[in-house]
Amino acid sequence: MYSINELALREKRVFIRVDYNVPMKDGIITDDTRIRLSLPTILHALKNKSRIILASHLGRPSGSRKKEFSLEPVAARLAELLDQEIYFFEDCVGMGVQQLIRDMKPGQILMLENLRFYAEEIENTNSFARDLAKLADIYINDAFAVSHRKNASVYALPRLMETKAMGLLMKNEIEKLSKLFKLTHGDKFFAIIGGAKVSDKIGIIRSLLDSVDALFIGGAMAYTFLEAQGHHMGKSLVERDKLDLARDILKGAKARNVEILLPVDHITAPSIDSFETEIHSTDEFPENGIAFDIGPETLQLYQRKMAEAEFVLWNGPMGVFEKEQFATGSFELAKTVSELSAYTVAGGGDSASLMEKAGVAEKFSHISTGGGASLEFLQLKTLLGLEVL
Ligand code: AMP
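Presented here is an overview of the structure given in this document. (Residues numbered from 1 in each chain as written. Predicted model: local features only at pLDDT ≥ 70, side-chain atom pairs only at ≥ 80, totals over all residues. Heavy atoms only, no water.)

### Description of the overall build of the chain
The test is simple: Each helix is a run of DSSP H or I of at least 4 residues and each strand a run of E of at least 2, with the numbering of both proceeding from the N terminus. In this treatment the radius of gyration is a C-alpha quantity, and the globule benchmark scales as 2.2 Å times the residue count to the 0.38 power. Burial classification: accessible surface area is computed with a 1.4 Å probe over protein chains only, and a residue below 20% of its type maximum counts as buried, one above 50% as exposed, and the rest as partly exposed. In this analysis, two residues are considered to be in contact whenever any of their non-hydrogen atoms come within 4.5 Å of each other.
Check the secondary structure of the chain and you find 16 helices and 17 strands. Taken over C-alpha atoms, the radius of gyration comes to 23 Å for the chain, in line with the 21 Å a tight globule of 389 residues would show. By principal-axis analysis of the C-alpha atoms, the chain measures approximately 70 × 45 × 35 Å. Considering the chain as a whole, with its 389 residues, one finds that 56% of them fall into the buried category. In the chain, the share of contacts with a sequence separation of at least 24, taken over all contacts with a separation of at least 6, comes to 74%.

### Some thoughts on the sheet that holds strand β9 (residues 189-193)
Selection criterion: At least two bridges found by DSSP between two strands are what make those strands a pair.
Pairing is parallel across the open sheet formed by 6 strands, whose spatial order is β11-β10-β9-β15-β16-β17. Strands at the two margins of the open sheet, each flanked by one partner only, are β11 (259-261) and β17 (366-367). Note that strand β15 (residues 311-315) and strand β16 (residues 343-346) share 4 bridges and pair parallel. Along β16, the bridge assignment pairs F311 with Y343.

### Here's the deal with the packing of helix α9 (residues 198-208) against helix α15 (residues 372-380)
Going by this rule: Axis definition: a line fitted to C-alpha atoms, limited for helices to the stretch in contact. Angles are taken between N-to-C directions and run from 0 to 180 degrees. Crossing handedness is read from the near helix: turned anticlockwise from the far helix by less than a right angle, it gives a left-handed crossing, and turned clockwise, a right-handed one. Three categories are distinguished: nonpolar for Ala, Val, Leu, Ile, Met, Phe, Trp, Tyr, Cys and Pro, charged for Asp, Glu, Lys and Arg, and polar for the others, with Gly belonging to the last.
At their nearest, the axes of α9 and α15 sit 9 Å apart, and the two run at 35° to each other. Our pair here, α9 against α15, has a crossing hand that is left-handed. Contact residues: K201, G203, I204 and S207 in α9; L375, L378 and Q379 in α15. For the contact of α9 with α15, a count of residues per class yields 3 nonpolar, 3 polar and 1 charged.

### Details of the packing of α9 against helix α10 (residues 221-228)
Our working definition: To sort the angles, those under 35 degrees are grouped as roughly parallel, those over 145 as roughly antiparallel, those from 65 to 115 as roughly perpendicular, and the leftovers as oblique.
In the contact formed by α9 and α10, the axes pass within 10 Å of each other and the chain directions differ by 80°. On the basis of the axis angle, α9 is roughly perpendicular to α10. Counting all contacts with α9, which are made through V198, K201 and I205, the residues of α10 involved are M221, T224 and F225. A per-class count over the contact of α9 with α10 returns 4 nonpolar, 1 polar and 1 charged.

### Structural notes on α10
Counting buried positions over the 8 residues of α10 gives 8, a clear majority of the element. For α10, the secondary structure elements touched by its buried residues are β9, α9, β10 (214-217), α11 (243-255), β12 (265-269) and β14 (290-294). Looking at the residues trailing α10, positive phi occurs at G230, about 105°.

### Remarks on the sheet that holds strand β6 (residues 109-111)
Ordered in space as β5-β6-β4-β1-β7-β8, the 6 strands form an open sheet in which the pairing is parallel. On the outer flanks of this sheet lie β5 (86-88) and β8 (163-166), each paired with one strand and no other. Taken pair by pair, the neighbouring strands of this sheet meet at an average axis angle of 25°, ignoring direction. Judged from the 4 bridges that link them, strand β1 (residues 13-17) and strand β7 (residues 138-141) form a sheet pairing that is parallel. Residue pairing across strands places R17 opposite N141, the latter belonging to β7. Along the sheet face, helix α3 (residues 72-82) touches β4 (51-55), β5 and β6 and points at about 170° away from the line of β5.

Keep in mind these numbers describe shape, not what the thing actually does.
Here it is as structure tokens:
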């Protein structure tokens, strides 16, 4: 697999699949991180005098043209960031865009309209991929966060292209995440797994059991594990149909000598919007209680154990961190992890936004830009979009 800096780009038409799926409100971009993260690859292509064609999806327009999903505001923001004119075309395939590209000069940048205005993008249709292939000499995938999806611009298109490579964001993700692949039991590799559902994380937990030394469980999924052990978690979110699965994982961990840490106390409240919080231990959990965060004793226990770590993978919050009354467990543990001298990676789901909110993102060794993609990559050690490169 090549990366963009190994290819001759001069005067070539370089199609870069980026991930500009930025959050927007009333036509205004509320967070331009994804645009900024694409700059190294674009600057490299600019320096090498290529003709740059940028393609992305935005939101879920479900195969039809909807103004609120137009990439035009993204093109405007990119123009500001690069201090350079960005051409925008209101389609991503067809004669019009082909003509425009023919007239482009080296060093110019064109942004195409939302790929998902065509249902064929999600459907991974060959004819749509062929139309995209007509636009370029070289294909670059810099959209790590969608590279687990069998979409035309990620899968069918690169299969049609002879010259293809990963972009610099993609390369960085692969290098940083792959460091965890080589680890085995005894490397002091600890994983923190939280979030809403056990069912979403089964795959990653199972694959981690072969390499981690300890698994710190938090978030709502901890309650399914605790119930599986015979505790009663009141009205907390328990996936009753996953109890056997949780027991299975606990058994698998024991067989491999993987230590499982589960919360010993909890922050509870009558409802998710309530500020009337209480602390309850796992052993004496109230019948009507609902847990929304790990308690102070659990936090201390997790923090103390964490001091031994040499490698940490964080996936998913310890509680409902979006609400300040249930954010302490996640924020404080995040601070502890960020201050370790260990190799620390956060990836999957909401982990990036959690670290931003906790104010510790810069202190992690790597924060992945991909939610589902990073989980799938850590689990399968490859992605569909990489296979075709
Ligand atoms: P995930 O996408 O699976 O990483 O889940 C993240 C979501 O899990 C966040 O939005 C949290 O609010 C939610 N979550 C974490 N802990 C709890 C809990 N104790 N009860 C309900 N939701 C939770």
